[in-house]
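# Observations on the three-dimensional arrangement
Here are the chains, one letter per residue:
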Amino acid sequence: MLDIFLSNYSSLFDALLITMKVTVSSLILGSIIGLLFAFFSLSNLKILSLISQGYLIIVRGTPMIVQICILYFGISSILTLPQFWAGVIALSIHNGAYISEIFRGAIQSIDNGQMEAARSLGMSYKLAMRRIILPQAFKRAIPSLGNQFILLLKESALVAYIGMTDLWGATMSIAGANYQPLETYMVTGMFYLILVGIFTYIFSKLEAKYSTNTKKNGKTNRYVGSNSTSVIEQ
């Protein structure tokens, strides 16, 4: 294993960089898609709710590799997508379905009284959502988003099947050249294992930080809320 790593470390680290670009880009775009469809799910408009339900059923009911191939090979007759963006868009659409449920649950976990208090102080629904609800929802969503990021990191290996030289794509090329597939796969497995360990640690620290801040803010909000009620009653 060591000799395989030493003879191919340059290619593997270049491929690792591509894997990280795909993963981070997909998480950002997927979070935007997820937030949009979370609002659709929470909307009082029946048509938006139906669109969200249809999106969730289709995306969660079909394999990701099928979605990647449809975007790259199926739509190529209409629109030519580069390998990178075909992979990123497919991963974003797929993970957006799960992220939308994370955001929906996080938004619904915020006490309705906070929205009512914000509206009573003259805030519009959009302003209250942006300044009061969403910041708290994002903090509560961090653990689930961290898990989704780690899943996305591992699922990004599927972009190798549309010709991208990500970590898994480079691994298959190296294994085909050295005729040592088992050892090569084990080297790549160590890469993924180290990455997952690093990001698990990072997200656990973020979760601990924001959970502490949330407890402190919760006490402050209760104090401010009681004072605001007193002022309104007067």
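Please read all numbers here as calculations on a predicted model, not as lab measurements.

### Overview of helix H3 (residues 64-74)
The set of residues buried in H3 consists of Met-64, Gln-67, Ile-68, Leu-71 and Tyr-72. The buried side chains of H3 occupy one side of the element, clustering within an arc of 115 degrees when seen end-on. Turning to H3, the residues buried within the fold contact helix H2 (46-60), helix H4 (83-108) and helix H6 (125-155).

### A few points about the layout of surface pockets
Considered as a void within the structure, the second largest pocket measures approximately 190 Å³ in volume. Those elements that place two or more of their residues in the lining of the second largest pocket are H4, helix H5 (112-120) and H6. The element best represented in the lining of the second largest pocket is H6, accounting for three residues. Classifying every residue of the lining of the second largest pocket gives seven nonpolar, two polar and one charged.

### Some remarks on the packing of aromatic side chains
The tally for this structure, following the rule as stated, stands at 12 aromatic pairs. Taking 4.1 Å as the distance between ring centres and 20 degrees as the angle between the ring planes, the aromatic pair formed by Phe-37 and Tyr-55 counts as stacked. Pair noted here: Phe-37 is in helix H1 (residues 2-42) and Tyr-55 is in helix H2, with a separation of 18 residues, a long-range link. Note on accessibility: Phe-37 and Tyr-55 belong to one class, buried. Ring centres of Trp-168 and Tyr-185 lie 5.2 Å apart, and the angle between their planes is 40 degrees; on these two criteria the pair is classed as tilted. Placement of Trp-168 in helix H7 (residues 167-178) and of Tyr-185 in helix H8 (residues 181-233) is noted, with a sequence separation of 17 residues between them. You can call Tyr-185 partly exposed: its relative accessible area is 36%. Taken together, the aromatic side chains of Phe-5, Tyr-9, Phe-13 and Phe-191 make up a single cluster linked through ring pairs.

### Some words on the nonpolar core
Of all hydrophobic cores here, the largest spans 51 residues; its most connected members are Met-20, Phe-103, Leu-167 and Phe-199. Those elements that provide at least two residues to this core are H1, H3, H4, H5, H6, H7 and H8. Tallying contributions element by element places H6 first for this core, with 11 residues. Ignoring sequence-local partners within four residues, the contact set of Phe-199 consists of Met-20, Phe-149 and Leu-153. Counting residues in each nonpolar core, the second largest holds seven residues, with Ile-33, Phe-37, Leu-56 and Val-59 among its members.

### Structural notes on a nonpolar patch on the surface
A contiguous nonpolar patch, built from Met-1, Leu-182, Met-186, Met-190, Leu-193, Ile-194, Ile-198, Tyr-201, Ile-202 and Leu-206 and spanning about 950 Å² of accessible area, is present on the exposed surface. With respect to the element layout, Ile-202 can be found in helix H8. Among the residues examined, Ile-202 registers a relative accessible area of 36% and is labelled partly exposed.

Calculation rules
- Residues numbered from 1 in each chain as written.
- Predicted model: local features only at pLDDT ≥ 70, side-chain atom pairs only at ≥ 80, totals over all residues.
- Heavy atoms only, no water.
- Buried < 20%, exposed > 50% of the residue type's maximum accessible area, 1.4 Å probe, protein only.
- Helix = DSSP H or I, 4+ residues; strand = E, 2+ residues; numbered from the N terminus.
- Arc of directions from axis to C-beta.
- Contact = heavy atoms within 4.5 Å.
- 1 Å grid on protein atoms, 1.4 Å probe; cavity = no way out; pocket = protein on both sides within 12 Å on 5 of 7 lines; lining within 4 Å.
- Points joined across faces, edges and corners; volume = space filled by probe spheres on them.
- Nonpolar A, V, L, I, M, F, W, Y, C, P; charged D, E, K, R; others polar.
- Phe/Tyr/Trp six-rings, centres within 6.5 Å; stacked < 30°, edge-to-face > 60°.
- Core = buried A, V, L, I, M, F, W, Y, C linked by side-chain atoms within 4.5 Å.
- Patch = residues over 30% accessible without salt bridge, like charges linked within 9 Å, V, L, I, M, F, W, Y side chains within 5 Å.
- Areas by Shrake-Rupley, 256 points an atom, 1.4 Å probe, with all protein chains shown as cover.
- Salt bridge = Lys/Arg side-chain N within 4 Å of Asp/Glu carboxyl O.

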